Amino acid sequence: MTEFSRRGVIGGGAALAGGLAMLANTAAAQSSGEAAATLPPEEILGKSAPFRSFRFPLGSITAQKQYPGGWGKEVNAQNFPSSVAFAGVLMELKPGGLRELHWHANAAEWAYVIDGNCRITVIDPSGKSEVLTLSAGDVWFFPRGHGHSIEGLGPNGTTFVLVFNDGTFSEFATFSITDWFAHTPLDVLAKNLGVPVSTFADFPKQEAYISLGAVPGPIPWPPAPGTLDTPPLTHGYHLLAQEPRTYGGGTIRLVSQKEFPISDSMAGALITLKPGALREMHWHPNADEWQLYLAGTGQMTVFGSAGRATTDRFGKYDVGYAPRGCGHYIENVGDDELQLLIVLNSGTYEEISVTQWLASNPKSLLANNFSVPETAFDGIPKGEVFITG
Ligand code: MN
Ligand code: MN
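Definitions and cut-offs
- Residues numbered from 1 in each chain as written.
- Chains lettered and ligands numbered in written order.
- Predicted model: local features only at pLDDT ≥ 70, side-chain atom pairs only at ≥ 80, totals over all residues.
- Heavy atoms only, no water.
- Donors = N, O, S within 2.8 Å, 3.2 Å for Na, K, Ca; no water.
- Helix = DSSP H or I, 4+ residues; strand = E, 2+ residues; numbered from the N terminus.
- Buried < 20%, exposed > 50% of the residue type's maximum accessible area, 1.4 Å probe, protein only.
- Salt bridge = Lys/Arg side-chain N within 4 Å of Asp/Glu carboxyl O.
- pLDDT = per-residue confidence, 0-100.
- Contact = heavy atoms within 4.5 Å.
- Core = buried A, V, L, I, M, F, W, Y, C linked by side-chain atoms within 4.5 Å.
- Domains from an automatic or database assignment.
- Phe/Tyr/Trp six-rings, centres within 6.5 Å; stacked < 30°, edge-to-face > 60°.
- Lys NZ or Arg CZ within 6 Å of the ring centre and 35° of its normal.
- Pairing = 2+ DSSP bridges.

Caption draft 1: View of the coordination of the manganese ion (ligand 1). The protein atoms that coordinate the manganese ion (ligand 1) are His-102 (NE2), His-104 (NE2), Glu-109 (OE) and His-148 (NE2), at distances spanning 2.0 to 2.2 Å. Linear spacing of the donor residues for the manganese ion (ligand 1) on their chain is H-x1-H-x4-E-x38-H. Highlighted residues: His-104 in the loop between β5 (97-103) and β6 (109-123) and His-148 in strand β9 (residues 147-152), separated in sequence by 44 residues. For the pair formed by His-104 and His-148, the shared burial category is buried.

See below:
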């Protein structure tokens, strides 16, 4: 048995125990007729209520929306009750597949392009607009209410993940332009747009959501003189192009408001862990954490006070969740590199790590705290480790 598989078995036992406890709790909740309603984190975490699962298999559920131009599948507090503060959507668009012009009334949209190429368009409240071509490894951010669209480009379209900072959000109840037009009298549309009523004869009679048209060609570059009115802060960021912070066990590329100024209410990071590596024990004082596992096999434990800790195992397109203030750590328990995306609902990245915390205290205090000799702490790190392995 290799070092890694042995670690996996040990961890798997913990995961099994956590999973069984979770199943028992779910069964108890169902038999008592308790609704699977979302509980606020304070209520979940402040009492000795059982822990919910912090894993959702987004990759293996059936897409709730399927069109010739693409599909979308969604996770939010409705199908994943732990996800009080986030909704997420995995979406694929074919070349020429268009997630139509729309906006969101109650959430900002943070997105990461997993594969392929797409074109986004966005308009802000001052009327300034952007058209950006983005590729795998790029991020976009649309503040709440900004009008936008996403179009799949050649040769293979695009796969991306959308993350919204509200667990009650549904991507399938957004404000789409075809929906609004279909519910507006034609004479109003004609008056508004200054064209004959007949113009609208063949417009959709209901929401298009994802349409499919010709594969878009390149946009002329540079743009013609006098054609642009771009916002001062761009909506796109090339995350994978960023030089990562590198540790012995892996890397992180962080995109907060500091790196990406428009992203004022959300931050994200791309993390890689080598086999056996550990993203160390830490918590976020200011934010909940939503995760999408992209490659490899990971295991996360969430500590929730009052003797509660839940361990789940994650593979490709599994979603993980760590509520604000809950301790957590992630291990690569597979044989390949683990890649995951984390998203936080604050534009400012904050964390406190266990190593940093211990290092900031006198050894005499640590000895007192754990009732062991001071020498027990001789070998511990002098500061934050972040990723070890
Ligand atoms: Mn959107
Ligand atoms: Mn974290």
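Caption draft 2: Summary view of the environment of Thr-246. Note on placement: Thr-246 falls in strand β14 (residues 245-247). Overall, Thr-246 belongs to the exposed group, its relative accessible area being 59%. Separated by 140 residues in the primary sequence, Thr-246 and Phe-386 have C-alpha atoms spaced 9.9 Å apart.

Caption draft 3: The arrangement of the coordination of the manganese ion (ligand 2) in detail. On the protein side, the manganese ion (ligand 2) has His-282 (NE2), His-284 (NE2), Glu-289 (OE) and His-328 (NE2) as donor atoms, found 2.0 to 2.2 Å from it. One chain supplies every donor for the manganese ion (ligand 2), spaced along it as H-x1-H-x4-E-x38-H. Across this residue pair, the class does not change: His-284 and Glu-289 are buried.

Caption draft 4: Main features of the pattern of salt bridges. For the coordinates displayed, the defined rule picks out 5 salt bridges. For the salt bridge of Asp-229 with Lys-128, the shortest nitrogen-to-oxygen distance reads 2.9 Å. Taken as a pair, Asp-229 in the loop between β12 (210-212) and β13 (236-237) and Lys-128 in the loop between β6 and β7 (129-135) lie far apart in primary sequence, 101 residues in all.

Caption draft 5: Inspection of the confidence of the model for the chain at higher detail. Across the chain, pLDDT averages 89, with 87% of residues at or above 70. Every residue in residues 1-39 scores below 50 in pLDDT, and together they form 32 contacts with partners more than four places removed in sequence or on other chains.

Caption draft 6: The arrangement of the nonpolar core in detail. Core analysis: the biggest nonpolar cluster contains 51 residues, and Trp-110, Tyr-112, Trp-290 and Leu-292 have the highest contact counts within it. Among the elements that line this core, the one with the most residues is strand β23 (residues 338-344), at 6 residues. Looking at which domains feed residues into this core, each of domain 1 (13-55 + 241-388) and domain 2 (62-236) gives three or more. Not counting residues within four places of it along the chain, the set of residues in contact with Tyr-112 comprises Gly-137, Asp-138, Val-139, Phe-160, Val-161, Leu-239, Leu-270, Leu-294 and Leu-341. In terms of nonpolar packing, the next biggest core, distinct from the first, is built from 21 residues, Val-122, Leu-132, Leu-134 and Phe-169 among them.

Caption draft 7: Structural view of the environment of Pro-204. Examined against the element boundaries, Pro-204 turns out to sit in the loop between α4 (186-193) and β12. Separated by 25 residues in sequence, Pro-204 and Asp-179 have C-alpha atoms that sit 8.2 Å apart. In this view, Pro-204 contacts Thr-178 and Ala-182; residues no more than four positions away in its chain are not counted.

Caption draft 8: Representation of the packing of aromatic side chains within the structure. By the definition in use, this model includes 17 aromatic pairs. Centroid distance Tyr-247 to Phe-386: 5.1 Å. Interplanar angle 25°. Geometry classified as stacked. With a gap of 139 residues between them, Tyr-247 in strand β14 and Phe-386 in the loop between α6 (363-370) and β25 (387-388) connect regions that are remote in the sequence. Residue classification places Tyr-247 among the partly exposed positions, given a relative accessible area of 21%. Taken together, the aromatic side chains of Phe-56, Phe-80, Phe-86 and Tyr-321 make up a single cluster linked through ring pairs. Its end group placed over the ring of Trp-71, Lys-73 keeps NZ or CZ at 5.6 Å from the ring centre.

Caption draft 9: Here's a closer look at the pairing of β9. For β9, a buried count of 5 out of 6 residues is recorded, marking the element as mostly surrounded by other parts of the structure. In this sheet, β9 lies alongside β5 in antiparallel orientation, the contact comprising 3 bridges. The partner of Arg-99 across the bridge, within β9, is Ile-150. Inspection of the sheet shows β6 paired to β9 by 6 bridges, in the antiparallel sense. For Thr-121, the partnering residue across the bridge sits in β9 and is Ser-149.

Caption draft 10: Main features of the pairing of β5. Across 3 bridges, the pairing between β5 and β12 is antiparallel. Across the sheet, the residue bridging to Gly-97 is Leu-212, located in β12. Alignment of β5 against strand β11 (residues 175-176), held across 2 bridges, turns out to be antiparallel. Of the residues in β11, the one forming a bridge with Trp-103 is Phe-175.

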